[in-house]
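Chain and residue survey
Here are the chains, one letter per residue:
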Amino acid sequence: MTHDGDAGVPGSLAKVLAEVAAERAAQDARFGMQALPDGTGGAAAAEAAGVARRETDEAARDGTLTWRHILMEEVLEAAAESDPEPLRAELVQVAAVAVKWLQALDRRDGPATEPGHGAVAAGPAPDRFRAIVDVHVMLVRDGQVLLGRRSGTGYADGLWHLPSGHLEAGESVVAAAVREAREETGVVIDPADLTFAHVMHRAPDRVGLFYAVTRWRGEPRNAEPHKCAEVAWWPLDRLPEDTVDYPAAAIAHIRDRVPFALHAW
């Protein structure tokens with residue numbers, strides 16, 4: 001089914017946004033959270049934006065309009081803004097045009113309808129949507145669950161979270177759960193002791209798998225102090241208020257024996 005924004009290719013918008021999200025995550029992993037000056041505004045930038053607008057208008061009148069014209073106009077209009085509020089609005093337009101251009105590139109290789117015909121011509125199918133899978137481990141003891149307070153990661157720092165991480169290439173979800181628990185808390189879990197508890201589909205591209213375990217070897221500790229400020233046991237029905245929203249929701253679902261949930265759709 002084609003939804004609004006799919007540009008004629010089912011799943012097109014979700015696919016492109018997922019790729020953008022993955023690229024953003026890769027940038028954060030490489031450069032961290034950057035706090036840089038805008039470097040925008042000024043007479044020269046305003047003049048360049050004006051030139052770009054005129055070139056775009058002329059190309060539209062001449063029938064020679066390209067995606068380059070449109071994107072460059074938006075980029076230069078953003079560069080001309082020094083006030084954060086209009087700058088942000090212009091940057092949203094830049095991102096929207098870039099996404100639409102990506103969809104246009106994908107559509108060239110996807111199914112197309114020949115002029116005057118209703119049938120869909122054969123052609124390479126668009127890539128299937130690929131979700132990012134992460135695993136979460138609930139170490140449960142005496143009605144309490146172990147949480148760690150994130151620190152220095154660039155995501156949800158200062159908030160409590162379950163031991164968790166991304167599924168790596170060629171790795172089973174069970175192996176990932178065992179690995180993440182060992183890396184973050186130092187415990188060794190027999191895969192046979194893991195109990196699948198919940199799956200959550202988080203908008204737009206994340207699928208989280210939650211496992212519970214009550215037996216392990218070793219005493220849980222903060223094994224990654226560069227990523228975690230502290231670990232602590234919390235009652236399953238009284239989690240701290242500053243717990244990341246989606247694992248808190250997942251734990252509540254697990255208490256209620258709800259096996260699947262959507263989040264932030």
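Residues numbered from 1 in each chain as written. Predicted model: local features only at pLDDT ≥ 70, side-chain atom pairs only at ≥ 80, totals over all residues. Heavy atoms only, no water.

Digging into the overall build of the chain
Counting its secondary structure elements, the chain contains six helices and ten strands. Counting over 265 residues, the chain shows a buried share of 32%. Counting only contacts in the chain whose residues sit at least 6 apart along the sequence, the fraction spanning at least 24 positions is 66%. (Helix = DSSP H or I, 4+ residues; strand = E, 2+ residues; numbered from the N terminus. Buried < 20%, exposed > 50% of the residue type's maximum accessible area, 1.4 Å probe, protein only. Contact = heavy atoms within 4.5 Å.)

Details of the environment of Val178
Within the element layout of this structure, Val178 appears in helix α5 (residues 173-185). Separated by 43 residues in sequence, Val178 and Val135 place their C-alpha atoms 9.6 Å apart. Non-local contacts of Val178, meaning those with residues more than four positions away in its chain, are made with Ile189, Pro191 and Leu194.

A closer look at the packing of aromatic side chains
Inspection of every chain in the model, using the stated rule, returns four aromatic pairs. On the numbers, 6.5 Å between centres and 15 degrees between planes, the contact of Trp67 with Trp101 is stacked. Here Trp67, found in helix α3 (residues 67-79), pairs with Trp101, found in helix α4 (residues 84-108); they are 34 residues apart in sequence, far enough to count as distant. Plain terms: the ring middles of Trp160 and Trp234 are 5.4 Å apart, the flat faces sit at 70 degrees to each other, and that makes the pair edge-to-face. With Trp160 in strand β5 (residues 160-161) and Trp234 in strand β9 (residues 228-235), the pair connects residues that are 74 residues apart, well separated along the chain. For Trp234, a relative accessible area of 25% translates into the label partly exposed. In this structure, Arg202 is placed above the aromatic ring of Tyr246, and the distance from its NZ or CZ to the ring centre is 3.7 Å. (Phe/Tyr/Trp six-rings, centres within 6.5 Å; stacked < 30°, edge-to-face > 60°. Lys NZ or Arg CZ within 6 Å of the ring centre and 35° of its normal.)

As for the pattern of salt bridges
Under the defined criterion, the tally for this structure stands at twelve salt bridges. The shortest N-O distance in the salt bridge between Glu219 and Arg141 comes to 3.2 Å. Of this pair, Glu219 sits in the loop between β8 (206-213) and β9 while Arg141 sits in strand β3 (residues 132-141), placing them 78 residues apart in sequence. Judged by relative accessible area, Arg141 falls into the partly exposed class, the value being 28%. Residues Arg149 and Asp242 are paired through a salt bridge, measuring 3.0 Å at the closest nitrogen-oxygen approach. Note that Arg149 is positioned in strand β4 (residues 144-150) and Asp242 in the loop between β9 and α6 (245-255), a separation of 93 residues in sequence. Where salt bridges share partners, they join Glu168, Glu171, Arg179, Glu180 and Glu183 into one cluster. (Salt bridge = Lys/Arg side-chain N within 4 Å of Asp/Glu carboxyl O.)

What about the pairing of β4?
Counting buried positions over the seven residues of β4 gives five, a clear majority of the element. Sheet topology note: the β3/β4 ladder contains two bridges and is antiparallel. In the sheet register, Val140 faces β4, and the bridge partner there is Val145. Turn length for the β3-β4 hairpin, with the two strands adjacent in sequence and antiparallel, is two residues, and the turn residue Asp142 shows positive phi of about 55 degrees. Here seven bridges tie β4 to β9, and the two strands are oriented antiparallel to one another. Looking across to β9, one finds that Arg149 is bridged to Glu230. (Pairing = 2+ DSSP bridges.)

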